[in-house]
Amino acid sequence: MIKHLPLLLFIGLAWGQNLKFVNTDSQSVTILNSDLLYLNGTKYFLKDVNFKTKVVKAKKVYRTSIGQMINYNKYVEIPFDSIRSFRYLEQQFNIIPTLIGGGLGFYFLVNPEADTLSLYLGTILAVFLGIFLSFIPQYSEELFLNDEGWSIVNI
């Protein structure tokens, strides 16, 4: 049992708590640890939520790789009182652009009037564009905490 203690402590440390928003219309949004979200218009990875001190610990997402390397292990503590708005990740992947790109690519392949260059170039561009557009994440609309009845609750 003693040799497994560090592993159990690490699992307990990495678990953390989730962030849950509840509306007066009984709608709820639960944001899990290491999920992407926007708090007050800034993009973060959720690290941990401490309900005793009423603080959200999150890591800011930087657009450049240099900003990510410099701030690799820096976390920001955001008090509950300072959170005015949030947006959450609704969908990470969407299959529809891939299907459209595949359909266009298939159309270019079976088109008898197309020359060789447009046949291969059109097929490759349609399929790759469809795959690329499938991985663009979709976020919810911006929700405000006290104006629309949203609040942070303990799970």
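Structure: see above.
The rules we used
- Residues numbered from 1 in each chain as written.
- Predicted model: local features only at pLDDT ≥ 70, side-chain atom pairs only at ≥ 80, totals over all residues.
- Heavy atoms only, no water.
- Helix = DSSP H or I, 4+ residues; strand = E, 2+ residues; numbered from the N terminus.
- Buried < 20%, exposed > 50% of the residue type's maximum accessible area, 1.4 Å probe, protein only.
- Expected span 1.5 Å × (residues − 1).
- Arc of directions from axis to C-beta.
- Pairing = 2+ DSSP bridges.
- Axes fitted to C-alpha atoms, helices over the stretch in contact; angles between N-to-C directions.
- Core = buried A, V, L, I, M, F, W, Y, C linked by side-chain atoms within 4.5 Å.
- Contact = heavy atoms within 4.5 Å.
- Phe/Tyr/Trp six-rings, centres within 6.5 Å; stacked < 30°, edge-to-face > 60°.

What follows deals with unusual backbone geometry. With phi around 55°, Asn-40 is a residue other than glycine that occupies positive phi space. Relative to the helices and strands, Asn-40 is located in the loop between strand E3 (36-39) and strand E4 (42-50). Owing to a relative accessible area of 27%, Asn-40 belongs among the partly exposed residues under this scheme. Positive phi values are uncommon outside glycine, yet Lys-54 reaches one of about 55°. Relative to the assigned elements, Lys-54 resides in the loop between E4 and strand E5 (55-60).

For the rest of this paragraph, the subject is helix H3 (residues 96-110). In a regular helix each residue adds 1.5 Å, so 15 residues correspond to 21 Å; H3 covers 21 Å between its end C-alpha atoms and thus fits that length. Of the residues making up H3, those classed as buried are Pro-97, Gly-101 and Gly-105. For H3, the angular spread of the buried residues around the axis is 70°, confining them to a single face. Pointing more than 90 degrees away from the buried face of H3 are the exposed residues Leu-99, Ile-100 and Phe-106.

Where E4 meets E5, 6 bridges bridge the pair, whose relative direction is antiparallel. Pairing of Leu-46 across the sheet is with Ala-58, part of E5. Here E4 hands over to E5 after 4 residues, with Lys-54 in that stretch at a positive phi of 55°. The pairing of E5 with strand E6 (residues 76-79) spans 4 bridges and is classified as antiparallel. Note that in E6 the partner of Lys-57 across the bridge is Glu-77.

Moving on: the sheet that holds strand E1 (residues 19-22). Spatially, 3 strands are ordered E2-E1-E10 in an open sheet, and the strand pairing comes out antiparallel. Taken across any chain shown, the strands that pair with only one partner, and hence form the sheet edges, are strand E2 (28-31) and strand E10 (151-153). Each neighbouring strand pair of the sheet contributes to a mean axis angle of 30°, computed without reference to strand direction. Sheet analysis places E1 next to E2, joined by 4 bridges and oriented antiparallel. Across the sheet, residue Leu-19 finds its bridge partner in E2, namely Ile-31.

This brings us to the nonpolar core. Grouped together as the largest cluster of nonpolar side chains are 20 residues, with contacts concentrated most on Leu-19, Phe-21, Leu-39 and Ile-152. The set of elements that each furnish at least two residues to this core consists of E1, E2, E3, E4 and E5. In terms of residue count, the dominant contributor to this core is E4 (3 residues). With near-sequence residues (within four places) excluded, Phe-21 lies in contact with Gln-27, Ser-28, Val-29, Ile-31, Phe-86, Leu-145, Trp-150, Ser-151 and Ile-152.

In total, this model carries 5 aromatic pairs according to the counting rule given. With 3.8 Å between their ring centres and 5° between their planes, Phe-21 and Phe-86 make a pair best called stacked. Within this pair, whereas Phe-21 is found in strand E1, its partner Phe-86 is found in strand E7 (residues 85-91), the two being separated by 65 residues in sequence. Of the two residues, Phe-21 and Phe-86, neither departs from the other in class, the shared state being buried.

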